[in-house]
Amino acid sequence: KKKLLTGMLIETIDSDSDISILVKSLNIIAQMEVREAAPSIKKHLSNDSEDVRVAATYAIKDIKAVDLKNELIDKLKAQDFTKDSNFTEAMLQTLADFKAVEIQEFAVEKIKDNKTSKNLRLSSILFLGRSGAAAAKDFLLKTFSDPDEEMDLRAYSVNALSKLEAKDALPAVNKVID
């Protein structure tokens, strides 16, 4: 029965164009962890609907389709970081789970760019911590220590440092707090 349902879901995302049906089908595929749906899900990263693109991105994450990491990286780099986007945030979260530390420099560049939207700067900071980008530790510490930086960004930097388990950053963090 599961195989029949899986086949029906893949057929649905391959042939249906209704946004709500696509989003629900992608969510079910993700919950069922239907790994063989990856090629069909991948097509929806270019869907006209942001809701469908977001659902496809989270489905890729949930089925652990790490082999699609480069596709996500290419899509991420093509995004307009000056505008808030759930799709961009979903890609950052998914790539963090996939430990895509190879885009660490790209993320730092976007964080430093004051044209990048506040939410995407924060999401990029969290990406650095969740992805395990240990080489970003000094950048995160510098961001946290900068009194002219936004408070949210400073707090998220500490969060990212904790995700990196950067215990050697504790004295510097405590110094700023005191």
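Here, residues in each chain are numbered from 1, in the same order as that chain's written sequence. Thresholds applied to this predicted model are a pLDDT of at least 70 for local features of residues and 80 or more for the giving and counting of side-chain atom pairs; totals over whole chains, interfaces and linings are not thresholded and use all residues. Values reported for side chains reflect all heavy atoms of the structure, with hydrogen atoms and water molecules removed beforehand.

## Topic: unusual backbone geometry
A negative phi angle characterises most non-glycine residues, just as the trans form characterises most peptide bonds.
Item 1. The backbone of Glu33 shows a phi angle near 55°, a positive value even though the residue is not glycine.
Item 2. Secondary structure counts use DSSP, requiring at least four H or I residues in a row for a helix and at least two E residues in a row for a strand, with both numbered from the N terminus. If you trace the backbone, Glu33 turns up in the loop between α2 (19-32) and α3 (38-43).

## Remarks on the packing of helix α6 (residues 86-97) against helix α8 (residues 118-131)
Item 1. Relative to each other, α6 and α8 sit at 10°, their axes nearing to 8 Å. Here α6 lies roughly parallel to α8, going by the angle between them. Residue-level contacts link Thr88, Glu89, Leu92, Gln93, Leu95, Ala96 and Asp97 of α6 to Asn119, Leu120, Ser123, Ser124, Phe127, Arg130 and Ser131 of α8.
Item 2. Amino acids outside the nonpolar list (Ala, Val, Leu, Ile, Met, Phe, Trp, Tyr, Cys, Pro) and the charged list (Asp, Glu, Lys, Arg) are all regarded as polar, and Gly is one of them. When grouped by side-chain class, the residues that make up the contact of α6 with α8 number five nonpolar, six polar and three charged. Geometry is summarised by axes, namely lines fitted to C-alpha atoms with helices restricted to the contacting stretch, and by angles between N-to-C directions that run from 0 to 180 degrees. In what follows, roughly perpendicular refers to angles from 65 to 115 degrees, roughly parallel to angles under 35, roughly antiparallel to angles over 145, and oblique to any angle outside these ranges. Throughout, a contact is declared for two residues whenever any of their heavy atoms are within 4.5 Å.

## Focus on the packing of helix α9 (residues 137-145) against helix α10 (residues 151-163)
Item 1. Direction vectors running N to C along α9 and α10 enclose 145°, while the axes themselves pass 8 Å from each other. When the axes of α9 and α10 are compared, the crossing they make is left-handed. Listed contacts from α10 to Lys137, Leu140, Leu141, Thr143, Phe144 and Ser145 of α9 are Leu153, Arg154, Ser157, Val158, Ala160 and Leu161.
Item 2. For the contact of α9 with α10, the class distribution of residues is seven nonpolar, three polar and two charged. Each crossing gets its handedness from the near helix: less than a right angle anticlockwise from the far helix is left-handed, clockwise is right-handed.

## Digging into the nonpolar core
Item 1. For our purposes a nonpolar core is just a set of buried Ala, Val, Leu, Ile, Met, Phe, Trp, Tyr and Cys residues, chained together by side-chain atoms within 4.5 Å. Throughout, exposure labels follow a simple rule: accessible area from a 1.4 Å probe, protein chains only, divided by the maximum for the residue type, with under 20% read as buried, over 50% as exposed, and the rest as partly exposed. Core analysis: the largest hydrophobic core is formed by 53 residues, its most contacted members being Ile41, Leu128 and Leu140.
Item 2. Setting aside residues up to four positions removed in sequence, Ile41 forms contacts with Ile13, Leu26, Ile29, Ala56, Ala59, Ile60 and Ile63.

## Examining the environment of Asn47
Item 1. When you line up the elements, Asn47 lands in the loop between α3 and α4 (50-62).
Item 2. With eleven residues separating them in the primary sequence, Asn47 and Glu36 have C-alpha atoms 20 Å apart.
Item 3. Sequence-distant contacts of Asn47, that is, excluding residues within four places in its chain, are made with Leu22, Val52 and Arg53.
Item 4. A polar atom in the side chain of Asn47 sits 2.8 Å from the backbone nitrogen of Ser49. For the purposes of these results, a polar contact is taken to be a pair of N or O atoms within 3.5 Å, where, inside protein, one atom must be able to donate a hydrogen and its partner to accept one; residues adjacent in sequence count only when each atom of the pair is a side-chain atom.

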